[in-house]
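Structure assessment
Residues per chain, in single letters:
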Amino acid sequence: GAVVSQHPSWVICKSGTSVKIECRSLDFQATTMFWYRQFPKQSLMLMATSNEGSKATYEQGVEKDKFLINHASLTLSTLTVTSAHPEDSSFYICSALNPGQGAETQYFGPGTRLLVL
Amino acid sequence: AQSVAQPEDQVNVAEGNPLTVKCTYSVSGNPYLFWYVQYPNRGLQFLLKYITGDNLVKGSYGFEAEFNKSQTSFHLKKPSALVSDSALYFCAVRDIGNQFYFGTGTSLTVIP
């Protein structure tokens, strides 16, 4: 299969703190991972594309210094929400391309729900 | 501009009846087409994809989709709906530049 995990599944934090979310490909090596944000009853908003060993490519309107992405290994990408504020509360989902299956299909993690108080 | 449209926000169908969730796209070149399902508070699960070949593709949980190039559509279908099929369904397209585009999602409710 192509399993992607995320940790934590949910997190509550105080305003001003930083939160790190991990995305792991469990049974394949992913050179490319994606980070999305999803608001209630809405589609996915691509935040950035994370490539192993290089800087992430951010979508227009996404603050690089606010949402730090690190893809240091072929199985792990992290998203750090720095100095989180209530408006950052959302559902964050990562996905990965599986090169073993032609790298054309994204496999998604279960998501992380962030609540900033 | 590249885009994916899911014209129906909500689809209701009785259990046992056939279901269709619509998707049309506007992408240059020959696209890769995908359907994903999302259950509450969960990530997206891959259902099926069309890359090339037979226009009718079969996927997980008895779902299938038909690629129609002339109508630029990729509607998701299932012959007999189950209550457990109730979820949010997303259509996605990958263009020749390897960019992914997602539709806005269609909420499917299967009524017992």
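What counts and what doesn't
Residues numbered from 1 in each chain as written. Chains lettered and ligands numbered in written order. Predicted model: local features only at pLDDT ≥ 70, side-chain atom pairs only at ≥ 80, totals over all residues. Heavy atoms only, no water. Phe/Tyr/Trp six-rings, centres within 6.5 Å; stacked < 30°, edge-to-face > 60°. Patch = residues over 30% accessible without salt bridge, like charges linked within 9 Å, V, L, I, M, F, W, Y side chains within 5 Å. Areas by Shrake-Rupley, 256 points an atom, 1.4 Å probe, with all protein chains shown as cover. Salt bridge = Lys/Arg side-chain N within 4 Å of Asp/Glu carboxyl O. Buried < 20%, exposed > 50% of the residue type's maximum accessible area, 1.4 Å probe, protein only. Helix = DSSP H or I, 4+ residues; strand = E, 2+ residues; numbered from the N terminus. Contact = heavy atoms within 4.5 Å. Pairing = 2+ DSSP bridges. Axes fitted to C-alpha atoms, helices over the stretch in contact; angles between N-to-C directions.

Some points on the packing of aromatic side chains
Throughout the structure, instances matching the rule amount to 15 aromatic pairs over all chains. Among the aromatic residues, ring-to-ring pairing joins A:Phe34, A:Tyr36, A:Tyr107, A:Phe108, B:Phe34, B:Tyr36, B:Phe46, B:Phe100 and B:Phe102 into one connected group.

What about a nonpolar patch on the surface?
Among the surface-exposed residues, A:Trp10, A:Ile12, A:Leu115 and A:Leu117 lie close enough to one another that they form a single nonpolar patch of about 450 Å² accessible area. Residue class for A:Leu117 comes out exposed when judged on its relative accessible area of 59%.

Details of the environment of A:Thr82
All names here are of chain A. As for its position among the elements, Thr82 is in the loop between β8 (76-81) and β9 (90-97). In sequence terms Thr82 and Ser25 are 57 residues apart; their C-alpha atoms lie 24 Å from each other. If we ignore the near neighbours within four places in the chain, the residues touching Thr82 are Thr17, Ser18, Asp65, Lys66 and Leu68.

Observations regarding the pairing of strand β10 (residues 87-94) of chain B
Residue and element names in this part refer to chain B. By the criterion of burial, β10 is predominantly enclosed, with seven of the eight residues buried. Bridge analysis of strand β5 (residues 32-38) against β10 gives seven bridges, and the strand direction is antiparallel. Pairing of Gln38 across the sheet is with Leu88, part of β10. Pairing geometry for β10 and strand β12 (residues 106-111), over three bridges, is antiparallel. By the bridge assignment, Leu88 is partnered in β12 with Ser107. Both β10 and strand β11 (residues 100-102) contribute to a ladder of three bridges, which runs antiparallel. Opposite Ala92, over in β11, you have Phe102 as the bridge partner.

Some details on the sheet that holds strand β7 (residues 67-73) of chain A
Residues and elements named next belong to chain A. One open sheet holds the four strands; their spatial order is β1-β3-β8-β7, and the pairing between them is antiparallel. Bordering the open sheet on either side are β1 (4-7) and β7, each of which pairs with just one other strand. Between one strand axis and the next, the sheet turns through 15° on average, direction left out of account. Here four bridges tie β1 to strand β3 (residues 19-25), and the two strands are oriented antiparallel to one another. When the bridges of β3 are listed, Ser5 appears paired with Arg24.

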